[in-house]
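Below are the chains, spelled out letter by letter.
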Amino acid sequence: MPEKKNILVVEDEPQISRFLQLELEHENYICTVCADGREALDTALSRDFDLIVLDVMLPSLNGIEVLRRLRQQKQTPVIILTARDQVVDKVTGLDIGANDYMTKPFAIEELLARIRLHTKNSVVQMSESNLVCGRLSVNPDARIATYDSHLIDLTKKEFDLLLFLMQNRNIVVSREKLLDSVWGFDFYGSTNVVDVYVRYLRSKIDDVYNVNIIETVRGAGYVIR
Ligand code: CA
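## With respect to the packing of helix 7 (residues 156–167) against helix 9 (residues 192–204)
Put simply, helix 7 and helix 9 touch, their axes get as near as 10 Å, and they point 90° apart. The pairing of helix 7 with helix 9 is recorded here as roughly perpendicular in orientation. Of the residues in helix 9, those in contact with Lys 157, Glu 158, Leu 161 and Leu 162 of helix 7 are Val 194, Tyr 197, Val 198, Tyr 200, Leu 201 and Lys 204.

If you want it as structure tokens, here you go:
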């Protein structure tokens, strides 16, 4: 039996923290709950956690401040929970060292997937089911893509397209083939949609990490290598 991972949940809404605790314990994590920012910081500094789920709006010390002070001493992975549309919190949180963020209301399955991702050691992370190309890694089971261990936030179609290209890496795949495989034969659009989605992927991977992951092969299609 692998050792159980310790998760600190910092959340002042009892319904949410109770729900998270039940879900996490069901998934075999040991869960500690704090409802207050200052108490959470003390707990996070005095004990070692594998991951912290951190709400932003908290009594006594907000989540951003908790994270800022935590980062002066510790690199515990942190997933920030923000209310929908609190874009400022999201940006600030990532700037000061959050590993990930989720907006409320969130899908528990997605949060669990991200917790799994961020509590894995880098060695374990390169598991057999992961498709890896350089620093790009795609996990078909968890439906997660990362670059340099940073989660890439993809829509369903973007993920499907990236997955198909990764499954066929080093092979040039035509637009028609991509359209059939990713969108299905019953899709009545033109192959332009493929170009549009490749552009989306490039804006989320190539542009962000200054790389050229998806290559255009003129007159033939696209390839990842
Ligand atoms: Ca709150």
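## Structural notes on the coordination of the calcium ion
In the first shell of the calcium ion, the protein supplies Asp 12 (OD), Asp 55 (OD) and Met 57 (O), at 2.1 to 2.3 Å from the metal. Ordering the donors of the calcium ion by residue number gives the pattern D-x42-D-x1-M. In this structure Asp 55 comes out as buried when scored by relative accessible area, which is 3%.

## Some remarks on the side chain of Asp 100
Take Asp 100: it is sitting in strand 5 (residues 100–104). Separated by 3.0 Å, the side chains of Asp 100 and Arg 114 make a polar contact. A polar atom in the side chain of Asp 100 sits 2.9 Å from the side chain of His 118. Once residues within four sequence positions are removed from consideration, Asp 100 is found in contact with Val 78, Ile 79, Ile 80, Leu 94, Arg 114, His 118 and Leu 151.

## Points about the layout of surface pockets
In this approach the atoms are scanned with a rolling probe the size of a water molecule, which exposes any empty space left behind. Estimates place the volume of the largest pocket at around 500 Å³. For the largest pocket, the lining is made up of 21 residues, of which Leu 94, Asn 99, Asp 100, His 150 and Leu 151 are closest to its centre. Counting residues per element, the ones that place at least two in the lining of the largest pocket are strand 5, helix 5 (108–119), strand 9 (150–151), helix 9 and helix 10 (206–209). Considered class by class, the residues forming the lining of the largest pocket number nine nonpolar, seven polar and five charged.

## Here we look at the domain arrangement of the protein chain
By domain assignment, the protein chain separates into domain 1 (6–119) and domain 2 (127–224). Centre-to-centre separation of domain 1 and domain 2, based on C-alpha positions: 30 Å. Each partner contributes residues to the interface: domain 1 has six residues there, and domain 2 has six residues. Of the roughly 460 Å² buried where domain 1 meets domain 2, counting both sides, 65% is carbon and sulfur surface. Among the residues of domain 1 in contact with domain 2, Ala 113, Arg 114 and Leu 117 are the three that bury the most area, contributing 64% of the side total. Counting the contacts that link domain 1 with domain 2 gives one salt bridge. Close ionic contact of Asp 153 with Arg 114 constitutes a salt bridge, the shortest N to O distance being 4.0 Å. Where domain 1 packs against domain 2, one counts one residue pair in polar contact (both at pLDDT 80 or more). Secondary-structure elements contributing two or more residues to the side of domain 1 that touches domain 2 are strand 5 and helix 5. Of all the elements, helix 5 adds the most residues to the side of domain 1 that touches domain 2, at four residues. The class makeup of the residues in the side of domain 1 that touches domain 2 is three nonpolar, one polar and two charged.

Definitions and limits used
- Residues numbered from 1 in each chain as written.
- Predicted model: local features only at pLDDT ≥ 70, side-chain atom pairs only at ≥ 80, totals over all residues.
- Heavy atoms only, no water.
- Axes fitted to C-alpha atoms, helices over the stretch in contact; angles between N-to-C directions.
- Helix = DSSP H or I, 4+ residues; strand = E, 2+ residues; numbered from the N terminus.
- Parallel < 35°, antiparallel > 145°, perpendicular 65-115°, else oblique.
- Contact = heavy atoms within 4.5 Å.
- Donors = N, O, S within 2.8 Å, 3.2 Å for Na, K, Ca; no water.
- Buried < 20%, exposed > 50% of the residue type's maximum accessible area, 1.4 Å probe, protein only.
- Polar contact = N/O pair within 3.5 Å; in protein donor to acceptor, adjacent residues only side chain to side chain.
- 1 Å grid on protein atoms, 1.4 Å probe; cavity = no way out; pocket = protein on both sides within 12 Å on 5 of 7 lines; lining within 4 Å.
- Points joined across faces, edges and corners; volume = space filled by probe spheres on them.
- Nonpolar A, V, L, I, M, F, W, Y, C, P; charged D, E, K, R; others polar.
- Domains from an automatic or database assignment.
- Buried area = accessible area lost by both parts, 1.4 Å probe.
- Salt bridge = Lys/Arg side-chain N within 4 Å of Asp/Glu carboxyl O.

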